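The residues making up each chain are set out below.
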Amino acid sequence: MFSLPEAAQLRADMTISELKHAIKALDEQLHACILDYSINETLLKRAEFFDQLLTLLWQQQGFDSNNLSLNAVGGYGRKTLHPYSDIDICIIHSNALSTEDGDKVGAFLTALWDLNLDLGHGVRSLNDTFSACKDDITIATSHLEIRHICGNSEHEQQVLQAMYADKLWSSQSFFSAKHQEQQLRHQKAGGTAYSIEPNLKNSPGGIRDIQTLTWISRKHFNAADMHGVRSQGFFSNDEYAELIECQNILFRVRFALHQVAGRSENRLLLQYQADVAKMMGFGEGSSLGEGGNIAIEKMMRQLFRVMKRIRELNQLLMAYFERAILPKNHTEPLVLNEQFEIVDNHIHVRHDDVFIDRTQILALFELIAEHHEQIVGITPEALRLLRQVRRRLMADLQDFQACREKFVAIFNNHRGLGLALTLMHQHGILSSYLPQWRQIVGQMQFDLFHAYTVDEHTHKVVQNVLRYAHTKPDGAVDSATRLASEIYQKMSNKSSLLFGALFHDLAKGRGGDHSELGAVDALHFARYHGLKQSQQQLVSWLVEQHLLMSVTSQRMDIYDPDVVQRFAKQVGTQTRLDALYCLTIADIQATNVDLWNDWKAALIRDLYFATRNVLRSGGENVLQLRTIVREHKQEALGLMQLDDNGAQAVKEVWKQLPISFFSHAEADDIARYSKALVAHKANLPNADNPFDTLIVIDDTVVKGCSDVFVYTQDRAGLFVKLFKTLSALKISVKQAQISRTKDGYVVESFKILDFDEKPIDSQSRRELIINKLKSVLDNNAKPPKQRLSRQHQSFDNQPNVEFLYSRHSTRSLISVSALDTHEFMDKVASAFRELDLNIHSATISSVGERADNVFLVSNSQGQQLDQSEQQALSNLLINRINDEQAAVGEFEI
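Residues numbered from 1 in each chain as written. Predicted model: local features only at pLDDT ≥ 70, side-chain atom pairs only at ≥ 80, totals over all residues. Heavy atoms only, no water.

1. Here we look at the overall build of the protein
Assigned secondary structure in the protein consists of 36 helices and 17 strands. A fraction of 71% describes how many contacts in the protein between residues 6 or more apart in sequence connect residues 24 or more apart. Carbon and sulfur atoms make up 46% of the accessible area of the protein, which amounts to about 38300 Å² in all. (Helix = DSSP H or I, 4+ residues; strand = E, 2+ residues; numbered from the N terminus. Contact = heavy atoms within 4.5 Å. Areas by Shrake-Rupley, 256 points an atom, 1.4 Å probe, with all protein chains shown as cover.)

This is how it looks when you write it as structure tokens:
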């Protein structure tokens, strides 16, 4: 039995300082004993402690007990008081407050604030309390749980009598308000609790879903808790036990989260998960990284299972409550077959023995897909039977040939698959059908790139693909989605793409390359389900290569004909290209909506069209570099519309520029940069510009990004100075190209996005960026260093260095991937400088918390790096990146 420590014992003569120590002693005791007592007892004891404390302070004021009362409401009223939850109280007075009583109430509240309590309070007359409850459903809800602490005890009963009567809120209006409130809350959470950082209170399946059931039960059925609802036959003993068990687990996790965070926090953020898992008794795991954290993994899987069960039970009971509270005339059932019918837009079972034949489970969802325009969900009776049979399954459903046929039929129904798949996912049928899916349910992805668990991400990918069927190309939000919709709607083999989307990540967490392992699983599935050989090959290939297009577009120069030709060879056919493009867009958009932008869309779209041209021409007629340069020059001259003197001036400037300047930039970029260079050189010399630096940020948005163009004298450390200054300005560099001129200058082109992941949209912002860059380049201001973010501190910084195929006989192509910190480029550049290497170009990209960058370099003799030089560079880069350096203060802009 839990007992208060001696330091937490309260006395009438205690000072505010002593009361603070008592509160601290209580919470320390609860923290140490979180696993020793039931969570309900722990929360109850904390609430009772504060009852004593508030009573003590109340009595010190000498209130008139006939006129005033102190009452707990909300969670405190339920006696479920978490460590940093608000202490919600209402002070009610029968008659108008005298000046003396008003001063006493103020003194009482001041004492509570002096204790640093998170206080939610209201001071109202009895009539004003009724009015507030009538006007505000939130206040009304909290007063359903009013509990007398001190003073006039009749106030509690008067409020409860008013709340349970229909004068303030009828049962029908209260239910409708809480039901709508829950729907909006679920919608705000994206309809899922399966995010990497779930909200324990407000996500679907969170604590609010249980509280909503309790509030409705109190209001309509006059039931004190869910035990009272059980006695009225709304759910079974097993369902009641399941709900209470799930509630206790949620309460315990929330209690631990409050203790770890040191504040009222409902989101289980990445930075808290390891400590919460340890406090919950799951042990200690490895630090976050590709290997994940076993303790966190175990805790989160249990948590997601709990929240899924709560959401399901909430759906079940809310449906029964709606029938009891909002009775309506039922429409005539639409009979579908001997087993199922549609009742009020919900599929319903016609007898209780329907699922004795296990194939009827898949038949249920096949009918949902077929009649999706008439169905919005499953009746509570059907859901209850489905939950019961799900527990009794002794083998995978796909063992049955009839189930396999129905599963394929569901995926062939592209119009109705969305609803059917969502319900199969929500109610655990995908886990019962696919053993691979069962392994990834609730599986965490330990990075900042993925916002959802593996199963929820996969569900969203399939839904994104299905959305292309309903998206009008002219109504899509970006060019990539418009193109995906156009392609998908013309595809003749949609099912293969959908199966590829279903399997693309199902091998995650098994060790090894999930793409390769998943391709084997997908091929076995396709054969086992009787798909055509061409479909088998396409599904398997899509799973194995589902990252190919995104990696190529973000790591390679997609405007290099050789890169496109190699990519085209890997793809092979237009059918594969179409399917891969749609899967790539759907995959990225389902990973983290905050990381999808026009720049990525433009890159993938351009790669698609370039590859399509290669495939259409047989892959044999790729233009040579000099031909591309000649065409770019001619087109740029045409865009500039110069007279003879102007054209000659441009050509003189061009003589000094390297061929890569013309091959990497498109004609409109070349025209814009060339005009700026001609004008710049016409105004030289300039004593205020000793390094002959030109910086241009055009107001034209190209491919979803802004351009920064820099022309300046070549010198050591130039590239990293530019990069670090942009970082300090909260600018993200999406791509960078470097070219050296024949007369000792450098031209550098950056594709950038502002702090909000959008192009630079104001002239003042552009001027600020230019001035800061010039202060570093021309006035030798020191580039800033910035602190490693708190989020990054939890992640593994193990770098990966890889030498890639280079088409340049005198250049080496190297990929360097590591934690994306503001010191990353400095460390890379210092390694290049130490080995006296030349940087000819760089492709900058960030994926989640990692920088994934590709550099084109040569040695001091201007040649490719040999094996020994490659090994020396690789070792040096790994050592430099792994070198722990003390972080310095952030550069103030």
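2. Considering the sheet that holds strand β7 (residues 346-349)
Strand order in this open sheet of four strands is β5-β6-β7-β8, and the pairing throughout is mixed. Looking at which strands have only one partner, the edges of the open sheet turn out to be β5 (334-335) and β8 (377-378). Sheet analysis places strand β6 (residues 340-343) next to β7, joined by four bridges and oriented antiparallel. Among the inter-strand pairings, I342 is bridged to a residue of β7, identified as I347. The sheet strands contacting helix α14 (residues 359-370) are β6, β7 and β8, and the helix crosses β6 at an angle near 40°. (Pairing = 2+ DSSP bridges. Axes fitted to C-alpha atoms, helices over the stretch in contact; angles between N-to-C directions.)

3. So, the sheet that holds strand β4 (residues 147-151)
Strands belonging to one sheet form pairs held by backbone hydrogen bonds; the direction of such a pair is parallel or antiparallel. The sheet built from four strands is open, its strands ordered β3-β2-β1-β4 with mixed pairing. At either margin of the open sheet sits one strand with a lone partner, and together these are β3 (119-125) and β4. If you compare each strand with its neighbour and ignore which way they point, the axes differ by 25° on average. Where strand β1 (residues 68-72) lies against β4, four bridges are found, and the strand directions are antiparallel. Counted as the bridge partner of S69 is G151 from β4. Those strands touched by helix α5 (residues 126-135) are β2 (87-93) and β3, and its axis lies near 120° from that of β3.

4. Brief notes about the environment of K758
If you trace the backbone, K758 turns up in the loop between β12 (745-753) and α34 (763-777). A sequence separation of 161 residues divides K758 from N597, and the C-alpha atoms of the two residues are 7.7 Å apart.

5. A closer look at the nonpolar core
One finds F108, F321, F365 and F407 to be the most contacted residues of the largest nonpolar core, which totals 203 residues. A total of 16 residues in this core trace back to one element, the largest contributor, which is helix α13 (residues 294-325). Sequence-distant contacts of F321, that is, excluding residues within four places in its chain, are made with F175, L213, I216, S217, F221, V229, F234 and L326. By size, the runner-up hydrophobic cluster in this structure holds 42 residues, among which are V746, I770, L777 and A831. (Core = buried A, V, L, I, M, F, W, Y, C linked by side-chain atoms within 4.5 Å. Buried < 20%, exposed > 50% of the residue type's maximum accessible area, 1.4 Å probe, protein only.)

6. Thoughts on the side chain of D344
Examined against the element boundaries, D344 turns out to sit in the loop between β6 and β7. Of the side chains bearing the opposite charge, K328 lies closest to the buried D344, which forms no salt bridge; the N-O distance is 5.0 Å. Within polar-contact distance, the side chain of D344 engages the side chain of T331 at 3.1 Å. In this structure D344 touches K328, H330 and T331, once residues within four positions along its chain are discounted. (Lys, Arg positive; Asp, Glu negative; His and termini not counted. Salt bridge = Lys/Arg side-chain N within 4 Å of Asp/Glu carboxyl O. Polar contact = N/O pair within 3.5 Å; in protein donor to acceptor, adjacent residues only side chain to side chain.)

7. Examining the pairing of β12
Side chains on a regular strand alternate between the two faces of the sheet. By the criterion of burial, β12 is predominantly enclosed, with nine of the nine residues buried. The side-chain alternation of β12 yields two buried faces, one formed by Y745, V747, S749, K751 and L753 and the other by V746, E748, F750 and I752. In the sheet, strand β10 (residues 706-713) pairs with β12 via eight bridges, with the strands oriented antiparallel. Looking at the pairing, V710 lines up with E748 of β12. Two strands pair when backbone bridges link them, and strand β11 (residues 732-740) and β12 are joined in this way by eight bridges, in the antiparallel orientation. The partner of S732 across the bridge, within β12, is L753. Counting the residues in the hairpin turn of β11 and β12 gives four residues, including G744, whose phi is positive at 85°.

8. So, the pattern of salt bridges
Summed over all chains, the structure comprises 31 salt bridges. Note that E239 is salt-bridged to R384, the shortest N-O span being 2.9 Å. One end of the pair, E239, is in helix α11 (residues 237-261); the other, R384, is in helix α15 (residues 380-392), with 145 residues separating them in the sequence. Here E239 falls in the buried class, since its relative accessible area comes to 5%. Among the salt bridges present, the one from D754 reaches R765, with a minimum N-O distance of 2.7 Å. Pair noted here: D754 is in the loop between β12 and α34 and R765 is in helix α34, with a separation of eleven residues, a long-range link. In this pair, the class of D754 matches that of R765, namely buried. In the salt-bridge network here, residues are joined through shared partners; they are E242, R309, E312, R387, R390 and R391.

9. Points about the packing of helix α30 (residues 644-656) against helix α32 (residues 667-682)
Contact geometry of α30 with α32 gives a least axis separation of 10 Å together with a crossing angle of 95°. Considering the angle they form, α30 stands roughly perpendicular to α32. Touching A649, V650, V653 and W654 of α30 are I670, S674, L677, V678 and K681, all from α32. Its residues assigned to classes, the contact of α30 with α32 comprises seven nonpolar, one polar and one charged. (Parallel < 35°, antiparallel > 145°, perpendicular 65-115°, else oblique. Nonpolar A, V, L, I, M, F, W, Y, C, P; charged D, E, K, R; others polar.)

10. Structural notes on the confidence of the model for the protein
For the protein, mean pLDDT is 85; residues scoring 70 or higher make up 90% of the total. Long-range and interchain partners of residues 619-624, a stretch whose pLDDT sits below 50, account for eight contacts in this model, where long-range means more than four residues apart. Considering only residues more than four positions removed or in separate chains, one finds that residues 884-893, a stretch of pLDDT under 50, has 21 contacts. (pLDDT = per-residue confidence, 0-100.)

11. A look at unusual backbone geometry
Notably, N345 is not glycine yet its phi reads approximately 65°, a positive angle. Relative to the assigned elements, N345 resides in the loop between β6 and β7. Given a relative accessible area of 42%, N345 falls into the partly exposed group.

12. Some thoughts on the packing of helix α20 (residues 454-467) against helix α22 (residues 494-503)
Here α20 crosses α22 at 160°, and the two axes come no closer than 8 Å. Put simply, α20 runs roughly antiparallel to α22. Judged by the sense of rotation from one axis to the other, the crossing of α20 with α22 is right-handed. Contacts between α20 and α22 pair T458, V461, V462, V465 and L466 from the former with L497, L498, A501 and L502 from the latter. Classifying every residue of the contact of α20 with α22 gives eight nonpolar, one polar and no charged. (Left-handed = near helix turned anticlockwise from the far one by under 90°.)

13. Quick word on the packing of aromatic side chains
Enumeration according to the criterion identifies 23 aromatic pairs in this entry. Taking the centre distance of 5.3 Å and the plane angle of 85° together, the rings of F49 and F50 count as edge-to-face. You can call F49 buried: its relative accessible area is 1%. Considering the side-chain rings of F340 and F355, the 6.3 Å spacing of their centres and the 45° angle between planes classify their relative orientation as tilted. Taken together, the positions of F340 in strand β6 and F355 in the loop between β7 and α14 put the pair 15 residues apart, joining distant regions of the chain. Residue F340 is classed as buried on the basis of its relative accessible area of 0%. Three or more aromatic residues link up through ring pairs in this structure, and these residues are F407, F411, Y433, F499, F503 and F525. In this structure, R147 packs its charged tip against the face of Y76, placed 5.2 Å from the ring centre. (Phe/Tyr/Trp six-rings, centres within 6.5 Å; stacked < 30°, edge-to-face > 60°. Lys NZ or Arg CZ within 6 Å of the ring centre and 35° of its normal.)

14. What about helix α26 (residues 561-571)?
Counting along an α-helix, one turn takes 3.6 residues, and residues three or four places apart therefore face a common direction. The set of residues buried in α26 consists of P561, V563, V564, F567, A568 and V571. For α26, the angular spread of the buried residues around the axis is 160°, confining them to a single face. Its side-chain oxygen at 2.9 Å from the backbone nitrogen of D562, D560 defines the N-terminal cap of α26. G572 occupies a position one or two residues after α26 and carries a positive phi of about 90°. (Arc of directions from axis to C-beta.)

15. Regarding the environment of D560
Note on placement: D560 falls in the loop between α25 (548-555) and α26. Residue D560 is classed as buried on the basis of its relative accessible area of 9%. Separated by 50 residues in sequence, D560 and A610 have C-alpha atoms that sit 10.0 Å apart.

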